[in-house]
Structure formats: structure tokens, C-alpha cells
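# Descriptive analysis of the structure
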Amino acid sequence: MKKTLKAGAVMALIAALAVPATAYADNGYENHGPGIALEQQGQGSPGTVNMDSGSENGPGAPGEPTAEDGGDAGITGVITPGQKEFNGVTLNYGVGNGGFYSNMSLVFNSGLGGSISYTSSINNGGWLGWNYVGELNGAVDGNADTRMEAIRIGLSMLAGYNWDIYYRVTLDTIGQLGWAKNGEIAGTLGSGHYITDIDIQLVPKGQPGPESDRYRFYSPYESQMWRDEAGAIHYDDPNGNDYSGWLDDAESRFFVSNSMVLTGWQYLNGYKYYFREDGRLVQNVDPIIGKQSSYIIKVNKTTNCLTIYAKDGENGYILPVMSMLTSVGDDTPLGTFKSPERYRWRYMIGDCYTQYATRITGSFLLHSVIFEKENNRTLRAQTYNDLGVARSAGCVRLRTGDAKWIYDNVQAGVPITIYEDTTSVGPFYRPDVVPVPNTQEWDPTDPGVLLQ
């Protein structure tokens, strides 16, 4: 009998502080050039259930594509168009060889207002650029051997203000995966499986969305995992070794100890981590642990990634809570500093403003992206889209929602360490953003935005 792995489980806006006349060292956008930017296990004993659903591609991630799995062996076949209507979204898609999706375009019901953006990863090109309202993404050359393996969808302008967008995909032999939301990855990468169907739902902003027992992403490593009768997850190393260590793909992290996949709270490599029931590392435990009495902040200047750590009793600050995408600058100072003060709004060099600013040292601050005025509907959209790239004059920029989380939750005098490390982003993966149109006037993560 097969088993399905089940998924595991703002504060009010603070009154504005007076804005001093002194300007600080972030003068808004500076253009420094382009950004970096199973079936039963063989004849195994009864009760051993594989976490795959019967793929014959074998364990592990596949190598370079071949003609059989969609590689470039000449353009053959025909892409057959199709269309699906959802509540407010029209999906136009093309089905190529093998019944796999080869391309897609999305249209957001103009009567609802706003815009929709989307991208996909394909077998013969990896992740493509973002497209918008009706533009074709995927096989634009008529190559019916193109196969989509993963998608991301986001909303912007009024659409993003009023709605959350949920979407899920069906993969060949794997089946229907769980729901992704607002730009998250849905599908798989490098597993040899491809999309055969897509579903979409619009949900009013902040309301409960659809639920699923399955996760939104299928890891290549799942074809090598299986559950025993007691529910423990085993990992079969493709080399036949008794494996221990991390398993990392583009979306998920697992940890294996003596060929057993860990779940729950675990102490590893000097940190305390939490793993879902299916073995995936939870990379934001704030909803699980709630607000803590104290935190520390570490910023990897090299990778533009900030990590919040909470205290684990006498063990110290070894519990990574979440990571945040940043934009630093060449002049961002290195070292450990204690934040003396915070500001609801701050006037900056270049006649611009930021929200939820936390001083690092001197004129350098942690703060939101840039606004033209002391008004959260005057966003300089490029500063949002440039997160992840060194663009500031030395401050550490964040999405407004992240800057507000620090402002609301982190104690005065918090230690802030800024360091450089090219070998590791940090204990969690680095987040990214779904780009917004240059005409968008608010940060989509800002909980304080009220549109008329």
C-alpha cells in the first residue's frame, strides 16, 4: 500500500516616529551595471513504500538530456494548443511530444485589474525570463520536444494587492503536486519528470487558500527515498553507501544520517534545525516558534543574504529563524555592531525615504527599499527588483515586509554582524523576488499599503 507524505503545519503597524532632517547614506538607486542576478522497493519486504510514484528513470538526477528525454535531436512533432479557464485567469498552453506541456501564456481578467507574470524551467533551456499578460513562455520556436518541468506565477499592481494566486502542476508518473503561492516554484528540476497539467486558483488577499497533502515541489532525491511500516524514511544511496550528510537540490534540503532521513528538531553542524514530516528542512520557523525574547542578525555581504537567529537556551544563538534577501553596497561595513536606535521613516541622501530603519553603525542602516516620499505608495520599483544585487551606497536594503519584521520583533541593541563568505549563503537558501513593473508604486510585501 502506498503512503502519501503529508505537509507539516503582522503585528499591527507601529505609530510613525518624527523624521529628523539629517540625511543618511543610501541615496536610492545607483546603477552599477547588471545584477548577479515507487512502487514497492524491488522485491523488498512488505510495507516498504517508495516516495516516488513509479518512475522508471532510476535514482538520482538525470544527466544531460537525450533525444529520448527531450534533448536536441532535431525539431519534430507538433505543439497542440489548448486552453483552460479559471476564476479570473486564462491559461493558454501547448502540448508537445509525449503529452508534456511545451509552452504557456497567462491572461489576467482585465475586469479585475492588475497584471500577471510567469516563468518556467524547460528541459532544453533551464529557467527562462519572466513574461507578462499573454506573452508566450516556453517553446517559442515550435520545438515539440521542449518540456516544462517547473513554473512560477506572480501578480502585480491591483491584482497583487487584491489577490493571492495559487497554482499546482501534475508531473508524469508522479501525479499532482501540492499548491504553490505567489511566485513559489511548482514542479521539479532535474528529475526527468515533466508537466502534464496546471491548475490555478485566485483567492482574496490574506484569505485561506487551497490545501493539499503533497508538497509543491518534487525533489530528484525522492526517487531514492522510501518509508518503512513504522513511517521512518530511508534513503538508498545510488553508490550503495551508508550515506550521511545533506541532500540539496534547487528548492529542498534534506539531511540523512546513516541512510535515514531526519525529521523534527535536530542539532546539526552547530545549528538547531526543524525538518518537516517528509524530511524537508523548514527554512522559516517563525510561524512555528513564535516571537522570541531576543535575536541576533547576520548579513553575508558577498551573497546579499541576511539571517535571523534566535537563542536556544544555554546553547546560544544557534537557531536560524529565517533568511532575507538584501541589497548591500561596496561601502557596507564589515564587523559586529550593536544597533542603538530605529526609525519608522528615515530621510536619506538623494532626497528619498525608507521605512522601518534599524541603525547598524554611523550612517549605515538596515531599511526597506526606497520611496520618493514619506508615503508607502511612492516606491522606486527598481530598488525592489534589484534586491539580491549590490546597489546601495552602504546601507542594507530589504523588502519592506522584512524590514518591518525586524523593526517589530528585534530588540534594541541587537548585535548585527556583517561578514563575507563566498562558500555558503548561510544555513538557509537565499530568497528571491518576483519582479514588479517599473510603474508599480508600492512594495508587494508591505502590510501597511492601503489603496483607494
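Residues numbered from 1 in each chain as written. Predicted model: local features only at pLDDT ≥ 70, side-chain atom pairs only at ≥ 80, totals over all residues. Heavy atoms only, no water.

Looking at where D228 falls in the secondary structure, it is placed in the loop between β16 (225-227) and β17 (233-235). Here A232 takes part through its backbone nitrogen, which lies 3.0 Å from a polar atom of the side chain of D228. (Helix = DSSP H or I, 4+ residues; strand = E, 2+ residues; numbered from the N terminus. Polar contact = N/O pair within 3.5 Å; in protein donor to acceptor, adjacent residues only side chain to side chain.)

Turning our attention to the sheet that holds strand β3 (residues 89-95). Note on sheets: strands pair through backbone hydrogen bonds, and any given pair is parallel or antiparallel. Reading across the sheet, the 4 strands line up as β2-β3-β4-β8 and stay open at both edges, with antiparallel pairing between neighbours. Edge positions in the open sheet fall to β2 (80-85) and β8 (137-138), since each of these has one partner strand only. Both strand β4 (residues 101-108) and β8 contribute to a ladder of 2 bridges, which runs antiparallel. When the sheet's bridge partners are listed, M104 is paired in β8 with N137. (Pairing = 2+ DSSP bridges.)

Take the sheet that holds strand β29 (residues 364-368) next. Strand order across the open sheet formed by 9 strands is β26-β31-β23-β24-β25-β30-β29-β28-β27, with mixed pairing between neighbours. This sheet does not close on itself; its edge strands, each paired only once, are β26 (335-338) and β27 (342-348). The average undirected angle you get between the axes of adjacent strands in this sheet is 35°. Pairing between strand β28 (residues 352-361) and β29: 3 bridges, direction antiparallel. By the bridge assignment, T358 is partnered in β29 with L366. Packed onto the sheet, helix α4 (residues 400-409) meets β23 (295-300), β24 (305-310), β25 (319-327), β27, β28, β29 and β30 (396-398) and runs at close to 50° relative to β28. (Axes fitted to C-alpha atoms, helices over the stretch in contact; angles between N-to-C directions. Contact = heavy atoms within 4.5 Å.)

What follows is about the nonpolar core. Counting 29 residues, the largest nonpolar core has I116, I151, I153, I165, I198 and I200 as its most contacted members. Residue assignment for this core shows that the elements contributing at least two residues are β3, β4, β5 (115-122), β9 (148-156), β10 (163-171) and β14 (195-204). (Core = buried A, V, L, I, M, F, W, Y, C linked by side-chain atoms within 4.5 Å. Buried < 20%, exposed > 50% of the residue type's maximum accessible area, 1.4 Å probe, protein only.)

Here 4 bridges tie strand β18 (residues 245-248) to strand β19 (residues 253-257), and the two strands are oriented antiparallel to one another. Each bridged residue has a counterpart across the sheet, and for W246 the counterpart in β19 is F255. Where β18 folds back onto β19 in an antiparallel hairpin, the turn is made up of 4 residues.

Tracing the chain through its elements places A144 in the loop between β8 and β9. Along the primary structure A144 and G99 are separated by 45 residues, whereas in three dimensions their C-alpha atoms are 9.7 Å apart.

Within the structure shown, the criterion is met by 16 aromatic pairs. Ring centres of Y161 and W442 lie 6.3 Å apart, and the angle between their planes is 80°; this geometry places the pair in the edge-to-face category. You can see Y161 sitting in helix α1 (residues 157-162) and its partner W442 sitting in the segment after β31 (415-419), a full 281 residues away along the chain. According to the relative accessible area criterion, Y161 is partly exposed, its value standing at 24%. Given a relative accessible area of 7%, W442 falls into the buried group. Ring centres of Y273 and F428 lie 6.4 Å apart, and the angle between their planes is 55°; on these two criteria the pair is classed as tilted. With Y273 in strand β22 (residues 271-275) and F428 in the segment after β31, the pair connects residues that are 155 residues apart, well separated along the chain. The exposure classification of Y273 matches that of F428, with both residues buried. By the ring-pair criterion, three or more aromatic residues cluster together here, those being W246, F255, Y271, Y273, F275, Y309 and F428. Above the ring of W265, the side-chain terminus of K272 is found at 5.0 Å from the ring centroid. (Phe/Tyr/Trp six-rings, centres within 6.5 Å; stacked < 30°, edge-to-face > 60°. Lys NZ or Arg CZ within 6 Å of the ring centre and 35° of its normal.)

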